[in-house]
Amino acid sequence: MAARVKKTKYLRPKSKELRQIYKKLITTSIVERVAVLCTVLQWYDQAMDYVINKGAFDQDQLKWVTVANKARKQGLGTNNEHEKEQSFRTAIRLYEKVCRSEERRVGKECRSR
């Protein structure tokens, strides 16, 4: 008799938490903005786990995640704060795109049933 493997259930991250994090983004200090963007990226790490657990990516989503990961890696690899900020913003924009497109796809599947 084979043992059952329990699938890990990922909780959907709360968008209210993301809004609260974004409120801290309004500052003149680039160091603080980069720190806030790092926190936003951590929120999107949880969101991506949730999205991946929901189902398979299509080709566009896979491409966006790949480019977002490259942008994030570029930001982590530089000491220039302006380049870090721009790279992290690019990664966040692409992660948002993946999460939104997944939300629309899942919504369509639910409505078609």
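Because the structure is a prediction, the values reported are computed rather than measured. (Residues numbered from 1 in each chain as written. Predicted model: local features only at pLDDT ≥ 70, side-chain atom pairs only at ≥ 80, totals over all residues. Heavy atoms only, no water.)

Student: Let's hear about the confidence of the model for the protein chain: which residues, and what values?
Tutor: In the predicted model, the protein chain carries a mean pLDDT of 86, and 85% of its residues have values of at least 70. Averaged over each element, pLDDT in the protein chain is lowest for helix α4 (residues 81-112) (81) and highest for helix α3 (residues 59-76) (94). Here residues 109-113 is a poorly scored stretch, pLDDT under 50, and it has 0 contacts once near neighbours within four places are set aside; other chains count. (pLDDT = per-residue confidence, 0-100. Helix = DSSP H or I, 4+ residues; strand = E, 2+ residues; numbered from the N terminus. Contact = heavy atoms within 4.5 Å.)

Student: Describe the packing of aromatic side chains, listing the residues and the values that go with them.
Tutor: A complete count under the given rule lists 2 aromatic pairs for this structure. Each ring, one from Trp43 and one from Tyr44, has its centre 4.9 Å from the other, and the planes form 85 degrees; the classification is edge-to-face. Here Trp43 matches Tyr44 in class, with each residue buried. Centre to centre, the rings of Tyr44 and Tyr95 are 6.3 Å apart; their planes meet at 20 degrees, and the pair counts as stacked. Placement of the pair is Tyr44 in helix α2 (residues 30-54) and Tyr95 in helix α4, with a sequence separation of 51 residues. Ring-pair connections join several aromatic residues into one group, and the members of that group are Trp43, Tyr44 and Tyr95. (Phe/Tyr/Trp six-rings, centres within 6.5 Å; stacked < 30°, edge-to-face > 60°. Buried < 20%, exposed > 50% of the residue type's maximum accessible area, 1.4 Å probe, protein only.)

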